[in-house]
Protein chains: 2
Amino acid sequence: MSYESEKLAATLKAAREKKGLSQRALSAHAGVPQSHISKIESGAVNLTVSSLTAIANALDLELALVPRKAAPAVRTITRSINDVPKATPEARKEIARLAKQLEHIQSLKIDSPVFENLQRQFREMRQFENLIRNTDTLRSIREALKAVENAGGVAALQEASKQMNSFRNALAHGIADEERTRLPRPAYRLDGDNDE
Amino acid sequence: MSYESEKLAATLKAAREKKGLSQRALSAHAGVPQSHISKIESGAVNLTVSSLTAIANALDLELALVPRKAAPAVRTITRSINDVPKATPEARKEIARLAKQLEHIQSLKIDSPVFENLQRQFREMRQFENLIRNTDTLRSIREALKAVENAGGVAALQEASKQMNSFRNALAHGIADEERTRLPRPAYRLDGDNDE
DNA sequence: TCATATGATACATTAAAGTAGATCAAGCGC
DNA sequence: GCGCTTGATCTACTTTAATGTATCATATGA
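About the cut-offs
- Residues numbered from 1 in each chain as written.
- Chains lettered and ligands numbered in written order.
- Predicted model: local features only at pLDDT ≥ 70, side-chain atom pairs only at ≥ 80, totals over all residues.
- Heavy atoms only, no water.
- Contact = heavy atoms within 4.5 Å.
- Buried area = accessible area lost by both parts, 1.4 Å probe.
- Salt bridge = Lys/Arg side-chain N within 4 Å of Asp/Glu carboxyl O.
- Near = heavy atom within 4 Å.
- Polar contact = N/O pair within 3.5 Å; in protein donor to acceptor, adjacent residues only side chain to side chain.
- Helix = DSSP H or I, 4+ residues; strand = E, 2+ residues; numbered from the N terminus.
- Core = buried A, V, L, I, M, F, W, Y, C linked by side-chain atoms within 4.5 Å.
- Buried < 20%, exposed > 50% of the residue type's maximum accessible area, 1.4 Å probe, protein only.
- Expected span 1.5 Å × (residues − 1).
- Arc of directions from axis to C-beta.
- Pairing = 2+ DSSP bridges.

Visitor: I'd like to hear about the interface of chain A and chain B, residue by residue, with values.
Guide: Taken together, the 43 residues of chain A in the interface contact 41 residues of chain B. Roughly 4200 Å² is buried in total at the junction of chain A and chain B, and carbon and sulfur atoms are behind 60% of that figure. Together, Glu-62, Leu-65 and Arg-68 of chain A form the three largest contributors to the area buried by chain A at its contact with chain B, with a combined 20%. Seen at the junction of chain A and chain B, the total is six salt bridges.

Here's what the structure looks like:
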């Protein structure tokens, strides 16, 4: 058995045990015989994708093919979810406020592509919320959004969007930076945002 | 075939094409028969982990089991890695002009297969727009298209299509050249074109 | 001590993945 | 037209994943 296969087997076994499932219980969920699960976990078989996904899904795991360059960041994220993924109470509170603010703006029916963009950035930023150490930027974004109601309009949205984008990128970069201390790899950039 | 399998197949195929490898070239790298790669990409088989990792590794991809909660973040990162380089403003501008021109021609309801062909070539060319260093050819194509309105007709379209085709191929070759510095492999061609 | 649940194993069978090789039509460059 | 590469498809053969069922030793608990 290859290294990859062994790691896979270990991951599955660990995930099952973490969920407190017996092989038979998992068998029932995944529709795969217990005998086969045993073989799989011991690395005795070269399983097929169908078996793998069946078991993985039963364990709330998703099969993914990630670019090598992204792999370290992905590992970090996965680990951060598994460990103690709780954001600080302060960050959670500030995010909740921001969400409320965005909801309010939505109710104003502004309907600008800039706003849709902002909402997407907000969602993506929240994926890294456990990494937030400092809520200043979030507060600043909320401040910017207040102007939408009064005078600012779309200009205020754009300012907020700009800040949200760089904040999200900073968080993502933070992940990469963590990894770089261990792996002498070039940086990666979170692009894909061209507010033009 | 399940949805997961199809997505996997599509991912592998896209990754291979992005690297500018033929199925045979990938076959050599991954140690998997070309015939089997063909089957895999068409979703005709339920592949094993060993096949999957062999091919994935040859494509600089890594197999990962990510917790469901982490999956969206992983997708965000993966996507951000994939669209790294940006086209120059000049290239973008020229492409925009060309797009407008094509839109205009479409409004003329010429309805020739040559035009459909041209549009497809245009789309395919845009996949490499980040690689454009020189916009002369694009301008030349746009010049050729002007004749469609006046006298040229289908002949002008054919001329534009021919230029578009070779321009697209040149860009694609550029990719292959980049890859060849790392992989001592034969060139790659972008097929699927029928200017008849 | 007796019952139960666990994971590992055994066995026979079936379905299919994988290999090695050849062939094919289509497209492209020359 | 000619030669080459492309991806798809076929054949024949071997290997093995997966199933279904059953058993086993070992904990754990009543």
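Visitor: Residue-level account of the protein's contact with DNA strand D, with values.
Guide: As a structural note, the neighbourhood of DNA strand D is formed by 20 residues, with His-36, Thr-48 and Ser-51 of chain A together with Arg-16 and Gln-23 of chain B the closest of them. Within the side chain of His-36 of chain A, an N or O atom sits 3.0 Å from a phosphate oxygen of DNA strand D. Ser-51 of chain A is positioned with one of its side-chain polar atoms (N or O) 2.7 Å from a phosphate oxygen of DNA strand D. Looking at the surface near DNA strand D, the element that brings in the most residues is helix 3 (residues 34-41) of chain B, giving three residues.

Visitor: Break down the nonpolar core for me, with residues and values.
Guide: Across soluble globular proteins, nonpolar side chains have a tendency to be buried as a group. In terms of nonpolar packing, the biggest core is built from 39 residues, with Ile-55 of chain A together with Ile-55 of chain B touching the most fellow members. Residues within four places of Ile-55 of chain A in sequence aside, it is in contact with Leu-12, Leu-26, Ala-30, Val-32, Ile-37 and Ile-40 of chain A.

Visitor: Outline the environment of Glu-116 of chain B, supporting the account with residue identities and numerical values.
Guide: Looking at the secondary structure, you find Glu-116 of chain B in helix 7 (residues 113-126). Along the backbone, Glu-116 of chain B and Gln-106 of chain B are 10 residues apart, and their C-alpha atoms lie at a distance of 9.5 Å.

Visitor: Which residues make up the pattern of salt bridges, and what values do they have?
Guide: Under the defined criterion, the tally for this structure stands at 10 salt bridges over all chains. As a salt-bridge pair, Glu-62 of chain B and Arg-68 of chain A come within 2.9 Å of each other at their nearest N and O atoms. In this pair, Glu-62 of chain B is assigned in strand 1 (residues 61-67) and Arg-68 of chain A in the loop between strand 1 (61-67) and helix 5 (71-82), connecting two distinct chains. Judged by relative accessible area, Glu-62 of chain B falls into the buried class, the value being 13%. Here Glu-41 of chain B and Arg-16 of chain B are joined by a salt bridge, their closest N and O atoms 2.6 Å apart. Here the residue Glu-41 of chain B occupies a position in helix 3, and Arg-16 of chain B occupies one in helix 1 (residues 3-18), the gap between them amounting to 25 residues.

Visitor: Please give an account of helix 1 (residues 3-18) of chain A that cites residues and values.
Guide: Taking 1.5 Å of rise per residue, 16 residues should cover 22 Å, and helix 1 of chain A covers 22 Å from first to last C-alpha, within 8% of that figure. Restricting attention to buried positions, one finds in helix 1 of chain A the residues Glu-4, Ser-5, Leu-8, Ala-9, Leu-12, Ala-15 and Arg-16 of chain A. Relative to the axis of helix 1 of chain A, the buried residues are bounded by an arc of 135° and lie together on one face. In helix 1 of chain A, the exposed positions that point more than 90 degrees away from the buried face belong to Tyr-3 and Lys-18 of chain A. The inward-facing, buried residues of helix 1 of chain A abut helix 2 (23-30), helix 3 (34-41), helix 4 (49-58) and strand 1 of chain A together with helix 4 (49-58) and strand 1 of chain B. Just beyond helix 1 of chain A, the residue with positive phi is Gly-20 of chain A, at close to 70°.

Visitor: Describe the pairing of strand 1 of chain B, listing the residues and the values that go with them.
Guide: Most of strand 1 of chain B sits out of view: seven of its seven residues are buried. Burial of the side chains of strand 1 of chain B extends over both faces: Leu-61, Leu-63, Leu-65 and Pro-67 of chain B are buried on one face and Glu-62, Ala-64 and Val-66 of chain B on the other. Pairing of strand 1 of chain A with strand 1 of chain B, which is carried by seven bridges, proceeds in the antiparallel orientation. The partner of Glu-62 of chain A across the bridge, within strand 1 of chain B, is Val-66 of chain B.

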